[in-house]
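Fold and contact review
Residue strings, one per chain:
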Amino acid sequence: MAVSGEQALIKKVKKGDLDSYGAIIQDYQSSVFNVCYRVLGNRQEAEDLTQEAFLRAYHRISSFDLNRPFGPWMRTLAANLCYNHLKKARLNRVPLEDERDSIKDDPKYGPEGVLEINQEHKILYQAIWKLPEVQRIALELRHFQGLSYQEMAEALKLPINTVRSHLYRGRQKLAELLEVENE
Amino acid sequence: MNKESSHISTDRLQTYLDQELDQTGVQEVELHLNQCPSCQAELSRLEGVFTRLERLPALKLDKDISSSVLAKLREESKFSVGITWTLALEALGAGTVIGLLIPAFRAASWLPQMVNAQTEIQAGINIFLAQLASSWLVWWAGLRLNIEQTTKSLFSTHYFPSGEFSPWILILAAAGIGLLANYILLRSNPIRSRNHKH
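Residues numbered from 1 in each chain as written. Chains lettered and ligands numbered in written order. Predicted model: local features only at pLDDT ≥ 70, side-chain atom pairs only at ≥ 80, totals over all residues.

Before going further, it helps to examine the overall build of chain B. Across its full length, chain B holds seven helices and zero strands. Starting at the N terminus and ending at the C terminus, chain B contains elements arranged as α-α-α-α-α-α-α. Within the span of chain B, comprising 198 residues, buried residues form 11% of the whole. Here the analysis covers contacts within chain B between residues at least 6 apart in sequence; of these, 63% occur between residues at least 24 apart. (Helix = DSSP H or I, 4+ residues; strand = E, 2+ residues; numbered from the N terminus. Buried ≥ 20, exposed ≤ 12 C-beta atoms within 10 Å, placed from the backbone. Contact = placed C-beta atoms within 7 Å.)

So, in structure tokens, the structure goes:
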């Protein structure tokens, strides 16, 4: 969506126009869902938290700065929501694979290529989900949302050195897990 | 840079890859990398993680959630109007109750007992309370007169016989309004349906 068009929609949302918010949701629901899925590792839970993220975003829309893009703000809000959800629900969480998470036949790769890519994605997802929550969220904010260390510290309300440490450890752990899988 | 081993620490390499080093730091790291195969290998290992994360494709969300989010927001909006009315009614009820309590206590002869207290401090407090009570009694007498006159003018009859109109009737009425409002509020509470079942 063009930024000016998005700004106009958000201005209307700030005045309480729910139809405009519907258009915003349709534009961002997929990217927000992907954030939730990478952090939570469960499709159903990710869908629920995606809805919850949009509900919260609506209630906080008055604090949104119209001069900034909506996407990063929304996805950071969703990532934080999922992180807090994981902290609260400290259960023996087992990530659930779903056949919808695999690439279907794609002539670009051929049947063997598709199998290989799916296997690669599966290994990577499983490795991400084995990381402690705080390292996972640090990776999400840095690699998928492109936040700087400072922005990550603000989003997670943690000192910048702590955030950096979680990110570095997360990457190291991820590299080790992927190396084990590749052996 | 780790001086003991003469290699760049993994943390510093990560900062370099994140482009969070200052210009001097970048030059130092690149100078070292040009002459250190070990650090080059560590850098490649980390870059491999970056590349694999970048390749992770976006998944499709196979349903449109906008309608359900909007439905919940509309429900909350109705709830918000409901709670405003309920709070207004409850505030009215509470105000009525507070306004009537002191005359009721006066009627129950609580204050004379307090006025008979012995110590000076208590006497001071009692005088203050007595003054407060007397002003409320004046207010209450005026209010009762107004209610009686209004009732007479509305019904042209002594619906509330003079002297039998107890403040407890209004207190009970306020409590009833409060209970009714809470019942309406809880019946239409949409938050219950928002609880996730994980």
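The next point concerns the packing of helix α2 (residues 18–40) of chain A against helix α6 (residues 133–144) of chain A. All names here are of chain A. Relative orientation of the contacting elements α2 and α6 amounts to 145°, with a least axis distance of 9 Å. Judged by the twist between their axes, the crossing of α2 over α6 is right-handed. Side by side, α2 and α6 meet where V35, R38 and V39 of the first sit next to R136, I137, E140 and F144 of the second. Of the residues that constitute the contact of α2 with α6, the class distribution is four nonpolar, no polar and three charged. (Axes fitted to C-alpha atoms, helices over the stretch in contact; angles between N-to-C directions. Left-handed = near helix turned anticlockwise from the far one by under 90°. Nonpolar A, V, L, I, M, F, W, Y, C, P; charged D, E, K, R; others polar.)

Turning our attention to the packing of helix α7 (residues 149–156) of chain A against helix α8 (residues 160–182) of chain A. All names here are of chain A. One way to put it is that α7 packs onto α8 with a least axis distance of 9 Å and a crossing angle of 105°. As the angle between them shows, α7 and α8 are arranged roughly perpendicular. Seen from α7, the contacting residues are Y149, Q150, M152, A153 and L156; seen from α8, they are I160, V163 and R164. Taken together, the residues that form the contact of α7 with α8 break down as six nonpolar, one polar and one charged. (Parallel < 35°, antiparallel > 145°, perpendicular 65-115°, else oblique.)

The subject of this paragraph is the nonpolar core. All names here are of chain A. The biggest cluster of nonpolar side chains holds 54 residues, and the ones touching the most others in it are C36, A78 and C82. Examining the composition of this core, we find that 11 residues originate from one element, α2, more than from any other. When sequence neighbours within four positions are dropped, the list of residues in contact with C82 reads C36, V39, L40 and L49. (Core = buried A, V, L, I, M, F, W, Y, C linked by C-beta atoms within 7 Å.)

Positive phi outside glycine occurs at K157 of chain A, with the angle close to 55°. Inspection of the secondary structure puts K157 of chain A in the loop between α7 and α8. Accessibility expressed as a C-beta count within 10 Å gives 8 for K157 of chain A, which makes it exposed. For Q19 of chain B, which is not glycine, the phi dihedral falls at a positive 60°. By the element assignment, Q19 of chain B lies in the loop between α1 (10–17) and α2 (23–33).

Facing the 28 residues of chain B at the interface are 33 residues of chain A. The set of elements that each furnish at least two residues to the side of chain B that touches chain A consists of α1, α3 (37–55) and α4 (66–107) of chain B. Per-element accounting of the side of chain B that touches chain A gives the leading share, seven residues, to α4 of chain B. Looking at the side of chain B that touches chain A residue by residue, the classes come out as 12 nonpolar, six polar and 10 charged.

For the rest of this paragraph, the subject is the environment of A8 of chain A. For A8 of chain A, the location among the structural elements is in helix α1 (residues 3–14). Placed 58 residues apart in sequence, A8 of chain A and L66 of chain A show a C-alpha to C-alpha distance of 9.2 Å.

All names here are of chain A. With 12 residues, α6 should reach 16 Å at 1.5 Å per residue; the first-to-last C-alpha distance of 16 Å fits that figure. Counting buried residues along α6, 10 of its 12 residues qualify, which places the element largely inside the surrounding structure. Turning to α6, its buried residues number three or more, namely V134, Q135, R136, I137, A138, L139, E140, L141, R142 and H143. Of the residues trailing α6, G146 is marked for its positive phi of about 65°. (Expected span 1.5 Å × (residues − 1).)

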